[in-house]
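So the chains spell out like this:
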Amino acid sequence: MARLSGLQRDVLKLCRQSFRTVRTKPPEYQAHWRAYIKQEFAKNRSVSKKQFSVIEHLLRVGHRRLEMYSSPAIKNVH
């Protein structure tokens, strides 16, 4: 298996953190959260590995959303 670049590791880390955060949400909404996370990552799957500025921007946006959605006050995404 090829070694991952720093940006690739950051993307995987954000993905894992997002799915771990789902476990803090009420069980009846966890499926909605998982579907939302998968949809968001799939939406940007076509971004080339060489587009560093785009990937960095998406990571910043993703971290801000994760921080916002981690709030206990937000129960459901849909």
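Cut-off values and rules
Residues numbered from 1 in each chain as written. Predicted model: local features only at pLDDT ≥ 70, side-chain atom pairs only at ≥ 80, totals over all residues. Heavy atoms only, no water. UniProt positions renumbered as here; feature names shortened; annotations may be inferred. Core = buried A, V, L, I, M, F, W, Y, C linked by side-chain atoms within 4.5 Å. Buried < 20%, exposed > 50% of the residue type's maximum accessible area, 1.4 Å probe, protein only. Helix = DSSP H or I, 4+ residues; strand = E, 2+ residues; numbered from the N terminus. Phe/Tyr/Trp six-rings, centres within 6.5 Å; stacked < 30°, edge-to-face > 60°.

With an unreviewed UniProt entry as reference, the protein chain is termed Complex 1 LYR protein domain-containing protein, source organism Meyerozyma guilliermondii. Regarding the protein chain, the UniProt comment filed under Subcellular location (unreviewed entry) reads as follows: "Mitochondrion matrix".

A. Just the nonpolar core, in detail. One finds Leu7, Leu14, Ile55, Leu59 and Leu66 forming the largest nonpolar core, which totals five residues. Breaking this core down by element, the ones donating at least two residues are α1 (6–22) and α3 (52–69). No other element matches α3, which puts three residues into this core.

B. View of the packing of aromatic side chains. Under the definition given, this model contains two aromatic pairs. Arranged with centres 5.4 Å apart and planes meeting at 65°, the rings of Trp33 and Tyr69 form a pair that is edge-to-face. Residue Trp33 is located in helix α2 (residues 30–43), and its partner Tyr69 is located in helix α3; the two are separated by 36 residues in the primary sequence. Note on Tyr36 and Tyr69: the rings are 5.8 Å apart at their centroids and 80° apart in plane angle, and the pair reads as edge-to-face. Note that Tyr36 is positioned in helix α2 and Tyr69 in helix α3, a separation of 33 residues in sequence. Members of the aromatic cluster, connected to one another through ring pairs, are Trp33, Tyr36 and Tyr69.

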